Amino acid sequence: MTWKTEIDRTVHEALRRAFDDRRSDGSRAIALANDFVALAPAREQSHFALGLVEELTHLRTLARDAGGRARRRDGERPEEPQQEGAPAPTDGADAVAAVAAATTEPASNGNDGGRDGGGVDERETGTDTDEGAPAAAPQTLATSPDGPCALWRYLGRLDAASRGGPRARVRELAGDAAMDLALARGAEARMALRAVSRALLFGGEDARVYDLVLRHLQATGDEGSRRDADGLVGDAARHADDLARDGDEAGAGAALARALKFAVDAGLEGRAAAKVQRKVGRSHQLAGRWAEAKQAYQDALTRLSADDRYRSVLQGDLALAALEVRGTLDLLPKEGRGNVEEAEALLAQAEGGGEGESYNAIYTLGVLAYERGDFSRAAERFREADRLMRETRAKARIVHARARFFLGACLLKLGAADEALREAEQCITKDASAAALEASVKEPVFDLLAAALPTARIPGRGGPRAEGEGREGGRRERGRRGRDRGERGDRGDRGEREPREGAGDAPVAAAGEGGDGRPAGDGRPEAAERLDRYASGRGAGRGDRAPEARGDRASGGGERGGAERGGGERGERGGGRGDRGDRRGRGPRHDGSREVHPAPVPVAGAAPASLAGGFLATARRVLDADPHGALKAVDDTFRSRPTFEEWATAYRIRLEALIRLGERGEAMRTFERFRAKIHERNHPERLEELLVDPSSPMAEVLDDAAMKAELVDLYGAMAGRERPFVEAATALASHHADLGTPASLRTAISLLREAVALGGEEARGMWTDVAMRARAAGVEVDGPSLEDVRARFEQRGGAKVVVVGGDDASRAHGPRVEDLGRRAGFEGSLVLGGAKPAAKTLADVEALARGAAAIVLLHSTTPELRDQVKRLAADLSVPVRELPYAGPASLEPELLAELSNL
């Protein structure tokens, strides 16, 4: 809240903490609120603290009356509820007096010393319950005069209820007479409406909150409240979605109609009403009511200006309704489709350009061209849709995969050869699974590919076999190809991915003198078969296996493991619940069941293979044909206590599987976790191998500039990599300088400053030109002086600055931030995200950022953490600053430049 001063924040935080403790101190909170108001009784905002204490006391009383926190010392619930007679009136002084009086009375329930039945310990109220000692008079809150002071007291109560109370309490307070007084004002009304809107809306009283907002807008015309009303309409649309999912179609339609009427009555911008109208159209479209859907979309278009980019979305929806399909995923090539010309005319308008482009519209145009046999035009459309979805990082994974699959089909139908044929093979084989297409759609395309390229590895059909080769011979030949690391297409040599010597091939290698490749007298199935059974949860019967192959059930397997419940990677720290080695000495489970897991087959002259190595071999084998199966095998690897080499290899296979599935966003998040863990384990050379390898999957995730940025960060944290760092930093600075925007020029200046500090002559020669261009663009190259920033902080009376970074590669900045803080007059601290969950990092940031002057985000902060820190800072009313780049030489000038603008 912008009205809060630093004193307000400190007092309110102290008041909340007084009620957060296990044994809260109500008397201390009352005394603090009273003293705060006594400093300036006429300052109306100070009375917010009185309302805060009043409501928090009331909410605590409600919890005790309900028995929610009532416990005796022996851990059992009391037989009797807390003594009645301590109601929670809405008048502040009387309410607190009643609560305080009730809590000073000892409960008479056994010999529990007055702490039974939800009673309060004497330390909570400041009373002395020793026999013969007089009880202290209960403290009461100061009164608030009628008018603005009473209104701010009401706002304090409303704020506390909305943050920690039940929705019923918020709805009750919304009916207070003080709400009418708030609606006639600006900031006060915004605070009140923000506190009650969601509770009323999701409590089924949307008409009531609409009425409150309309009354406020008519009285004040406040623009901030009008923007809040836009958000309210969005919440209403989501609430209608909830009703529809619950099966209440009529209720959802009525809620959308009320939201639409509110948007019109409030005079909101056209897009707010158009979005609600689009929801109406979608409901008709999903139900197959095509005429009603088209009318709803047309009505939504009339509400938008001619240059509104949202028109492209609505035109795409209108075109799909004209084609009589429920959505983009239902649009598959079909002969004799009607209304094609009408749809294409609408989609041509929706294509737009630049920020107005719609990948759904472009993809739909591609499907329509594919249907009529215009494969050249269709290929252009699919290629453009693929490009746009990559650039915008669209989450439409299936649509993206289908665009690439049909692009490959178009290339084949156009007679692709050489490079075009290899591109077609890559599009079809890599995206067939993620496209989620029926066999009737996929198989004709697979036949075309097999005819054009017999050596193609088609999903579900297996690789090509030599003429006359049987199943066993083919398996052994593929095993030899895997061991020899033969041709791997355009992905290059993958020999560096062997987890350790013998671990990858041992489960499928032969041993002993048995004629079928197994040791003589061994009746077990081959190791590869055992691994497949284990990975798919289909173990053979106990009678089919030798006793030494039997083991207890591993608790971490099955389809429920892996990333879905967050357990996939915990095994690398030894905390997984998978295989724990040889457990044959343990007895069966209580239900008498056992599960067979694979025992590695010994190989002559090689060390026994680990269970994790066996899963890695399975992941490699199925990577091309079944990326989902490879991901499951990788998750099993993480749960099987892998060695470091196996762990690093599993991450790489995971990245490759995600790339094959088109999940580039998830691949980037996986890489960020891997990068953080590599820096924690101090093995940056493994990260360097992944980035510089030409066949690395990261080449498909990172563009050229992003790859250079990763190398700059990596070499900046590695010893003995000064020259590679200078080369990467100079190249990246040149890229940013070519962009020419103020932000990019500032980044280029920081990168060149680092390169010059390490003796880069090429950077020194570039510095003059880039610095001149930066100054002309208004970028402060030299930055403010340390003395100027120190003077600003001395005027503030000192402050805290919290710097947030991504991983341990930035750990060296910690002492630099602290030293700069001592010299510049602030308390500096560094928080690193690393590989731990974002919630833990946010807790660390919040603990340091309360009352801080600023939170500064380093360039290495991940996008997810960056967004969450910004939301946290908004709640704490702390400004956020972002550094485009900061190395050892540029951290101080960049940080001072941001702090000088506070």
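Residues numbered from 1 in each chain as written. Predicted model: local features only at pLDDT ≥ 70, side-chain atom pairs only at ≥ 80, totals over all residues. Heavy atoms only, no water.

## A short note on the overall build of the protein
Okay, so step 1: Looking only at helices and strands, the protein has 37 helices and four strands in total.
Okay, so step 2: For the protein, with 902 residues in total, the buried portion stands at 47%.
Okay, so step 3: Restricting the contact set of the protein to residue pairs at least 6 apart, pairs at least 24 apart contribute 65%.
Okay, so step 4: Carbon and sulfur atoms make up 48% of the accessible area of the protein, which amounts to about 42400 Å² in all. (Helix = DSSP H or I, 4+ residues; strand = E, 2+ residues; numbered from the N terminus. Buried < 20%, exposed > 50% of the residue type's maximum accessible area, 1.4 Å probe, protein only. Contact = heavy atoms within 4.5 Å. Areas by Shrake-Rupley, 256 points an atom, 1.4 Å probe, with all protein chains shown as cover.)

## What to know about the packing of helix H28 (residues 684-692) against helix H29 (residues 704-717)
Okay, so step 1: Across the interface, H28 lies against H29 with an axial gap of 11 Å and an inter-helix angle of 160°. By the angle class used here, H28 and H29 are roughly antiparallel. In terms of crossing hand, the pair formed by H28 and H29 is left-handed. For the pair formed by H28 and H29, the contact residues are Pro684, Leu687, Glu688, Leu691 and Val692 on the first element and Met707, Glu710, Leu711, Leu714 and Tyr715 on the second. (Axes fitted to C-alpha atoms, helices over the stretch in contact; angles between N-to-C directions. Parallel < 35°, antiparallel > 145°, perpendicular 65-115°, else oblique. Left-handed = near helix turned anticlockwise from the far one by under 90°.)

## A word on the packing of aromatic side chains
Okay, so step 1: For the structure shown, the criterion picks out 13 aromatic pairs.
Okay, so step 2: With a centroid separation of 5.2 Å and an interplanar angle of 45°, the aromatic rings of Phe793 and Phe826 are classed as tilted. Residue Phe793 is located in helix H33 (residues 786-796), and its partner Phe826 is located in the loop between helix H34 (813-824) and strand E2 (827-832); the two are separated by 33 residues in the primary sequence. The same class applies to Phe793 and to Phe826, which are both buried.
Okay, so step 3: Among the aromatic residues, those joined into a cluster by ring pairs are Tyr363, Tyr370, Phe375, Phe382, Phe405, Phe406 and Phe446. (Phe/Tyr/Trp six-rings, centres within 6.5 Å; stacked < 30°, edge-to-face > 60°.)

## Notes on the side chain of Thr841
Okay, so step 1: Summarising the element assignment, Thr841 is placed in helix H35 (residues 838-849).
Okay, so step 2: Excluding residues that lie within four positions of it along the chain, Thr841 makes contacts with Val831, Leu832, Gly833, Lys836 and Leu865.

## A look at the pattern of salt bridges
Okay, so step 1: With the rule as written, the count across this model stands at 65 salt bridges.
Okay, so step 2: The shortest N-O distance in the salt bridge between Arg163 and Asp159 comes to 3.0 Å. You can see Arg163 and its partner Asp159 sitting in helix H6 (residues 148-164), four residues apart, about one turn around the helix.
Okay, so step 3: Here Arg163 falls in the exposed class, since its relative accessible area comes to 53%.
Okay, so step 4: Residue class for Asp159 comes out buried when judged on its relative accessible area of 8%.
Okay, so step 5: A salt bridge links Asp265 to Lys261, with the nearest nitrogen and oxygen atoms 2.8 Å apart. Of this pair, Asp265 and Lys261 both sit in helix H12 (residues 249-265), four residues apart, roughly one helical turn.
Okay, so step 6: The network of salt bridges with common partners includes Glu13, Arg17, Glu846 and Arg850. (Salt bridge = Lys/Arg side-chain N within 4 Å of Asp/Glu carboxyl O.)

## Description of the sheet that holds strand E1 (residues 800-805)
Okay, so step 1: Strand order across the open sheet formed by four strands is E2-E1-E3-E4, with parallel pairing between neighbours. Looking at which strands have only one partner, the edges of the open sheet turn out to be E2 and strand E4 (880-882). For this sheet, the mean angle separating the axes of adjacent strands, direction not counted, is 25°.
Okay, so step 2: Two elements, E1 and E2, share six bridges in a ladder whose sense is parallel. Within E2, the residue paired with Val803 across the bridge is Leu830. (Pairing = 2+ DSSP bridges.)

## Regarding the nonpolar core
Okay, so step 1: Among the nonpolar cores identified, the biggest contains 60 residues, and Leu314, Tyr363, Tyr370, Phe382, Phe405 and Phe406 are the most heavily contacted of them.
Okay, so step 2: Considering each element in turn, this core owes the most residues, ten residues, to helix H19 (residues 397-413).
Okay, so step 3: Grouped together as the second largest cluster of nonpolar side chains are 56 residues, Leu658, Leu711, Val770 and Ala774 included. (Core = buried A, V, L, I, M, F, W, Y, C linked by side-chain atoms within 4.5 Å.)

## Observations concerning the confidence of the model for the protein
Okay, so step 1: The share of residues in the protein with pLDDT of 70 or more is 73%, and the mean pLDDT across the chain is 74.
Okay, so step 2: Mean pLDDT across the elements of the protein ranges from a minimum in helix H5 (residues 122-125), with 37, to a maximum in strand E3 (residues 854-857), with 92.
Okay, so step 3: pLDDT under 50 marks residues 66-137. Its contacts with residues more than four places away, or in other chains, come to 93 contacts.
Okay, so step 4: Within the model, the stretch residues 465-608 combines pLDDT values under 50 with 203 contacts to residues more than four positions away or in other chains. (pLDDT = per-residue confidence, 0-100.)

## Focus on unusual backbone geometry
Okay, so step 1: One non-glycine residue, Glu324, lies in the positive phi region at around 60°.
Okay, so step 2: Within the secondary structure, Glu324 is located in the loop between helix H15 (311-322) and helix H16 (340-351).
Okay, so step 3: When its relative accessible area of 48% is taken as the criterion, Glu324 is described as partly exposed.
Okay, so step 4: Within the chain, Asn682 stands out as a residue other than glycine whose phi angle is a positive 60°.
Okay, so step 5: The residue Asn682 is located in the loop between helix H27 (664-680) and H28 in this model.
Okay, so step 6: Assessed through its relative accessible area of 60%, Asn682 is described here as exposed.

## Some words on the pairing of E3
Okay, so step 1: Burial along E3 is two-sided: the residues Ala854 and Val856 and Ile855 and Leu857 are all buried.
Okay, so step 2: Taken together, E3, helix H36 (residues 863-876) and E4 form a β-α-β motif whose crossover is right-handed. (Right-handed = clockwise from strand over helix to strand, strands pointing away.)

## Description of the packing of helix H20 (residues 419-435) against helix H21 (residues 439-452)
Okay, so step 1: Relative orientation of the contacting elements H20 and H21 amounts to 145°, with a least axis distance of 11 Å. Between H20 and H21 the crossing geometry is left-handed. Mapping the contact onto sequence places Leu421, Glu425, Ile428, Thr429 and Ala432 in H20 and Lys442, Val445, Phe446, Leu449 and Ala452 in H21.
Okay, so step 2: Residue composition of the contact of H20 with H21, grouped by class: seven nonpolar, one polar and two charged. (Nonpolar A, V, L, I, M, F, W, Y, C, P; charged D, E, K, R; others polar.)

## Some points on helix H13 (residues 270-286)
Okay, so step 1: Taking 1.5 Å per residue, 17 residues should reach 24 Å; H13 reaches 24 Å between its end C-alpha atoms and fits that length.
Okay, so step 2: Contacts made by the buried residues of H13 are with helix H11 (223-245), H12, helix H14 (290-302) and H15.
Okay, so step 3: In the segment just after H13, Gly288 is the residue with positive phi, at about 80°. (Expected span 1.5 Å × (residues − 1).)

## Digging into the environment of Pro459
Okay, so step 1: Looking at the secondary structure, you find Pro459 in the loop between H21 and helix H22 (471-484).
Okay, so step 2: Classification of Pro459 as buried rests on a relative accessible area of 12%.
Okay, so step 3: Here the alpha-carbon distance between Pro459 and Asp431, two residues 28 residues apart in the chain, equals 9.7 Å.
Okay, so step 4: Contact partners of Pro459, with chain neighbours within four places excluded, come to Thr429, Ala432, Phe446 and Ala625.

## Quick notes on H29
Okay, so step 1: Between its first and last C-alpha atoms H29 spans 20 Å; for 14 residues at 1.5 Å apiece the expected length is 20 Å, and the two agree.
Okay, so step 2: Regarding H29, the residues found buried are Met707, Glu710, Leu711, Val712, Leu714 and Tyr715.
Okay, so step 3: Buried-residue contacts for H29 involve H27, H28, helix H30 (722-739) and helix H31 (742-757).
Okay, so step 4: Between the side-chain oxygen at the start of H29 and the backbone nitrogen of Ala705 there is a gap of 3.3 Å, and the oxygen is on Asp703. (Polar contact = N/O pair within 3.5 Å; in protein donor to acceptor, adjacent residues only side chain to side chain.)

## Structural notes on the environment of Leu286
Okay, so step 1: Among the secondary structure elements, Leu286 is positioned in helix H13.
Okay, so step 2: The class of Leu286 is partly exposed, set by a relative accessible area of 41%.
Okay, so step 3: Once the C-alpha coordinates of Leu286 and Gly327 are considered, the two residues, 41 residues apart in sequence, prove to be 7.9 Å apart.

## Notes on the environment of Ala657
Okay, so step 1: With respect to the element layout, Ala657 can be found in helix H26 (residues 644-660).
Okay, so step 2: Classification of Ala657 by relative accessible area gives buried; the value is 0%.
Okay, so step 3: Sequence-distant contacts of Ala657, that is, excluding residues within four places in its chain, are made with Leu623, Pro627, Ala630 and Leu631.

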